[in-house]
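Structural characterization, general
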Amino acid sequence: MTEPLVARHSLEYPGGYTRSVGDVVGRYLTGLRDGRIEGARLADGRVLVPPTEYDPLTSAAVSVDDFVEVGPAGTVVTWSWVANPRAEKHALDRPFAFALIRPDGADTSMLHMVDVATPEEMSTGMRVIPHWRSDRIGGVSDIEAWRPYKDGDPIPEVPPLPFSENMGDSVTGIVTSGRLDYEIAAGESTTRFLLGLAEGKIIGGKAVGSDDVYAASRGTDPTTGAPTSISVDVSDTGVITTFCIVNIPGLSDLAPEIPYVSAQVLLDGADNTFFGLIRGCSVDEVRMGMRVKAKWLDQLTTDHGSIEWWEPTGEPDAEYTDYKDYL
Amino acid sequence: MSKNAVAVVGVGQTHHRSSRKDVSMAGLVREAAVEALEDAGMTWSDIDAVVVGKAPDMFEGVAMPELYLADALGAVGKPMLRVHTAGSVGGSTAIVAAKLVQAGVHERVLTVAYEKQSESNATWGLSVPMPFSPPLVAGAGGYFAPMIRAYMTRSGAPRESGHLVAVKDRLNAVRNPRAHLHMPEITLKMVEESWLLWDPLRYLDTCPSSDGAMAMVLGSEKVAAAAPNPVAWVHGMAMRSEPTMFARRDQINPQAGKDCAADVYRQAGISDPRRDLDCAEIYVPFSWYEPMWLENLGFCAEGDGWKLTAEGATAFDGDIPWNPSGGVLSSNPIGASGMIRFGEVAQQVRGAAGGHQVELKTGKALGHAYGGGSQFFAMWVVGAKKPE
Amino acid sequence: MRDVAVVSFSYSTIAKEQMRNEVEMLAPVITEAIDASGIARSDIGFTCSGSFDYLQGGPFSFVMGLDAVGAWPPIRESHVEMDGAWALYEAWIAIQTGEVDSALVYGFGKASQGNVHEIMSLQLDPYYVAPLWPSMVDLAALQARAYLDSSGLSERDLAEVVAQAMRSARDTPQAIRSGEPSIEELLAAPYVASPLRDADIFPTTDGVAAIVLAAGDLARSVNKRPAWIRGLDHRIEPHSLGARDLTRSESTALAAKHAGVASGPIDVAEVHAQFSHEVLILSEALGVDPSIVNPSGGPLAANGIMSAGLVRIGEVAQRIMDGTANRGVAHATSGPALQQNLVCVLEGE
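Procedures and definitions
- Residues numbered from 1 in each chain as written.
- Chains lettered and ligands numbered in written order.
- Predicted model: local features only at pLDDT ≥ 70, side-chain atom pairs only at ≥ 80, totals over all residues.
- Heavy atoms only, no water.
- Domains from an automatic or database assignment.
- Contact = heavy atoms within 4.5 Å.
- Buried area = accessible area lost by both parts, 1.4 Å probe.
- Salt bridge = Lys/Arg side-chain N within 4 Å of Asp/Glu carboxyl O.
- Polar contact = N/O pair within 3.5 Å; in protein donor to acceptor, adjacent residues only side chain to side chain.
- Helix = DSSP H or I, 4+ residues; strand = E, 2+ residues; numbered from the N terminus.
- Nonpolar A, V, L, I, M, F, W, Y, C, P; charged D, E, K, R; others polar.
- Pairing = 2+ DSSP bridges.
- Buried < 20%, exposed > 50% of the residue type's maximum accessible area, 1.4 Å probe, protein only.

1. Looking at the domain arrangement of chain C
Residues and elements named next belong to chain C. By domain assignment, chain C separates into domain 1 (4-115 + 204-227) and domain 2 (116-202 + 230-347). Centre-to-centre, using C-alpha coordinates, domain 1 lies 22 Å away from domain 2. With 41 residues of domain 1 at the interface, the matching set in domain 2 holds 41 residues. Across the domain 1/domain 2 interface, buried area totals approximately 3300 Å², and carbon plus sulfur atoms make up 68% of it. Taken as a group, Trp-86, Asn-115 and Arg-225 account for 22% of the area that domain 1 buries against domain 2, more than any other trio of residues on that side. The interface formed by domain 1 and domain 2 contains 0 salt bridges. Across the domain 1-domain 2 interface, the total number found is 15 residue pairs in polar contact (both at pLDDT 80 or more). For the side of domain 1 that touches domain 2, the elements supplying multiple residues, two or more each, are strand S1 (4-14), helix H3 (84-96), strand S4 (102-110) and strand S7 (204-215). Tallying contributions element by element places S1 first for the side of domain 1 that touches domain 2, with 8 residues. Residue composition of the side of domain 1 that touches domain 2, grouped by class: 25 nonpolar, 14 polar and 2 charged.

2. Overview of the environment of Lys-89 of chain A
Here Lys-89 of chain A shows up in the loop between strand S6 (74-82) and strand S7 (96-103). Sequence separation between Lys-89 of chain A and Arg-179 of chain A is 90 residues, and the spatial gap between their C-alpha atoms is 8.7 Å. Aside from chain neighbours lying at most four places away, what touches Lys-89 of chain A is Gly-178 and Arg-179 of chain A together with Glu-118, Pro-131, Leu-132 and Trp-133 of chain C.

3. Some thoughts on the sheet that holds strand S4 (residues 47-48) of chain A
Residue and element names in this part refer to chain A. On the basis of which strands lie adjacent, the open sheet formed by 3 strands has the order S4-S3-S5 and antiparallel pairing. Two strands in the sheet have a free side with no partner beyond their single neighbour: S4 and strand S5 (67-69). Relative to S4, strand S3 (residues 38-41) runs antiparallel, the two sharing 2 bridges. Pairing of Arg-41 across the sheet is with Val-47, part of S4.

4. Quick word on the interface of chain B and chain C
Listed as interface residues are 53 residues of chain B and, on the opposing side, 54 residues of chain C. At the surface where chain B touches chain C, the tally comes to 2 salt bridges. A salt bridge links Lys-99 of chain B to Glu-99 of chain C, with the shortest nitrogen-to-oxygen separation between them at 3.6 Å. Linking chain B with chain C are 15 residue pairs in polar contact (both at pLDDT 80 or more), by the criterion used here.

5. Regarding the environment of His-368 of chain B
Residue and element names in this part refer to chain B. Locating His-368 in the fold gives a position in strand S10 (residues 364-371). Between the alpha carbons of His-368 and Met-339 there is a distance of 8.8 Å; along the sequence they are 29 residues apart. Looking at His-368, its side chain comes within polar contact range of the main-chain nitrogen of Tyr-283, at 3.1 Å.

6. Considering the interface of chain A and chain C
The interface is formed by 61 residues belonging to chain A together with 52 residues belonging to chain C. When the two sides are added together, the surface that chain A and chain C hide from each other amounts to roughly 4600 Å², 60% of it contributed by carbon and sulfur. The largest share of the area that chain A buries against chain C comes from Leu-111, Tyr-182 and Arg-218 of chain A, three residues that together contribute 13% of it. One salt bridge connects Glu-183 of chain A with Lys-16 of chain C, and the closest N-O pair in it is separated by 3.3 Å. At the junction of chain A and chain C, the tally comes to 22 residue pairs in polar contact (both at pLDDT 80 or more). When grouped by side-chain class, the residues that make up the side of chain A that touches chain C number 29 nonpolar, 23 polar and 9 charged.

7. Description of the side chain of Arg-82 of chain B
Within the fold, Arg-82 of chain B resides in strand S3 (residues 80-83). Classification of Arg-82 of chain B by relative accessible area gives buried; the value is 0%. Here Ala-55 of chain B takes part through its backbone oxygen, which lies 3.0 Å from a polar atom of the side chain of Arg-82 of chain B. Within polar-contact distance, the side chain of Arg-82 of chain B engages the side chain of Asp-57 of chain B at 2.8 Å. Sequence-distant contacts of Arg-82 of chain B, that is, excluding residues within four places in its chain, are made with Val-52, Lys-54, Ala-55, Asp-57, Met-64, Pro-65 and Glu-66 of chain B together with Val-80, Glu-81 and Met-82 of chain C.

What follows is the structure, given as structure tokens:
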């Protein structure tokens, strides 16, 4: 029974997404940076917090002219407990409550965190007040957390920001980052193919009732949806059907120095083409119809990289008619 | 069972730019949607349903953005869909929206397609490396450039064929204030001397990366009759798909493109597209796709596409202008580009294309979008007159 | 409006599929649905699917699904980045236009590959909410508490929902969870996100599902007892949780009204309740008694993200095709805390 091939995978845009926010969201975030929570008064008199750009019921545009200050204290409308905060995602590194909090003067509630030690200290209807970070930048985490508040008690101070030249400028954008981690299974057909690569073989798949052999099949004959259940050994020599010369440096860690050739290769015994790097000759010598052979790594693994590149065999070129249907 | 008639009664689009730092995502789509509503003489409460289209979520890092956009697009309390068919998405979104009216389920549908890809990077978004997949070493152009070489071999097209398109589309864009690239000084020599990225594609043969949104209001016959501005009637719509890879697949002249065109022409009564259409907005992200698609879409015999371009047939003042708006080569917010094609031909037959209006003789035009590995196709033919 | 029916349905689930990729999971289910439909693959007019790129962490996941369909010669095909239930909606519309008489609909996703609770945080307002990373479960818990507070119901009532689902699931081959838990043992378990415990939350599931739709006489010619779609509607609410009434599902009630749920008796209901409290909220919105809800066990038993909504339609349709029910309602949901909802009314002739 073959062991499934499984790999870790991460999705993260390097540096984070740079999001421009527009006037309304920018004004709210500027308010947060300045230690102030604002809402927008809608046409029907309700005060919307946080002030999203459009009235949730009528879709009318919200204007910064309609902004009013709310809170700072508020009431917990509903809450839930986060027993195991996630590093690099949650702003607090100790257990906390997520809550919908309605600041005084608002008709809607905003999602944020309440910082108490245990869930027993949380209750619907409890009074809370924001505590502000000293390193505010104009984002929702400028409120470090809300904490229980007794009406009449002193209001937590808003720590003054360190001086900076553009501290008076409006907030125009935020950067949001966050990595998502995955465990991806190769799939049965791909596992078979990669195990073959580890043994210096190229394994193709064929569906019952078809003559078409797919090198590196994803599991089916795509023209019928039938599983490529029959394994067929495919040669590691073949023909360049078409190619391009790449002249852009640094497209990938695996790319050689420019210029280099990226080609479609039709292997002897297979009926589909796939991409490969061509080396072992100058880029000017590469031509459609040129016969090539896989250059295998010394240390083979279950990875596409086991074939480093394809190099000319020196055999006479294939006739155009042999590969013209495989361009 | 005959379909209900459907017409484009309002069109709106943003200024497409390399980055729209002045707006949020909602602000971007809103700009196009508001213009389309105003053009249709409608308000948010007139709309029955909203259909949104966008390319992969990763570009903006927002999953299922229609959920966040419901308030911005007046969709609360209404049906809302989000279509995703890779690069053809803008076109297929328009088709899904039009079908809601054709089916008789809704009378007024707002459809919007957009991309705010400057929030990340389109090259990154298109080529996220996945485990167990062969690494994409050569980038997006590296996928298409070998096919272009194959086309050149098959057709005998000279090297400058693509460059002619690069010049033509950018000069067309000068007439279009909404286009991203404005290069009035562009010449063939400039394109030939621009950086050779993926032989034979040069830098100026490739599309820009843009932020932008496109919106349309689609209406029933009754709604069209009451519209304040001229409408564009849908004469035919079609979509076709084929697998990314299979034995002996022709990626240069894909069957799905041919079948899709044949279907839409049959519906619209087009027997000779070059003669029966006044213009076409065709998804050409790399200049060479104009000659290739001229053949795929039956504007000429196989192998002759480059000749049509070289003759000037597709020029702004040619007999069959292609991409009078400047096309994808001048503006490419990926999720929106297909809908921009569909919306631009609607504007043409309405006589509403302003500085890039072509002369109307037949009053019909073709909008086209494609995506994936040249495998997803969406097309429509619109006309100034109601179809019989 | 044309009469359109479900003429076949197939689905499979597994807690964590290590060996097969999405295509290899999908191909047999699509083949089974097509074979059971009585319509040849090449005669199917339109194909539409639902899937979600973020489940695999890479773009264009729907493209690989096409490898399982056999899209040659080229087919009329489309895709929504939503649960397969909305792909069914688009396919139903295509048949209504008269362009086609039949459609293949499928939904798929391997939720076990990533942390789906966390992935869904990316659905949230990118400026005001997503940066705080509240998970799908955190938001469901906020709704659960709001519902319990306003309804006067208790965690015991949620445990009753779980117990019923687990008992029903014993007869469902695709159930990942089933059994006869006692209320006491359910209540003794620790919270995952109070007031929700593990059993109140759907199990992570890799799932694929396929349905074939056919119109009028075609449906009658291939199926003795097609499940006719008598009503189909979907609605969305405002995005911000704080601007919504979380104690009710207004959009479900609105969709139910437009779909005509109340114009006849309901024998069976399948709701896309991924959390126990949602069964109660959705039953109220649909106007059905919770005791007839989710005879399959529902998503608390198996919840393939992007196929579970389509499965609800399939489960009701199957009971009608089998003759064990005559009129039923299926529900599907999308978005945080039931923001968007689809309702489908099905009936035997």
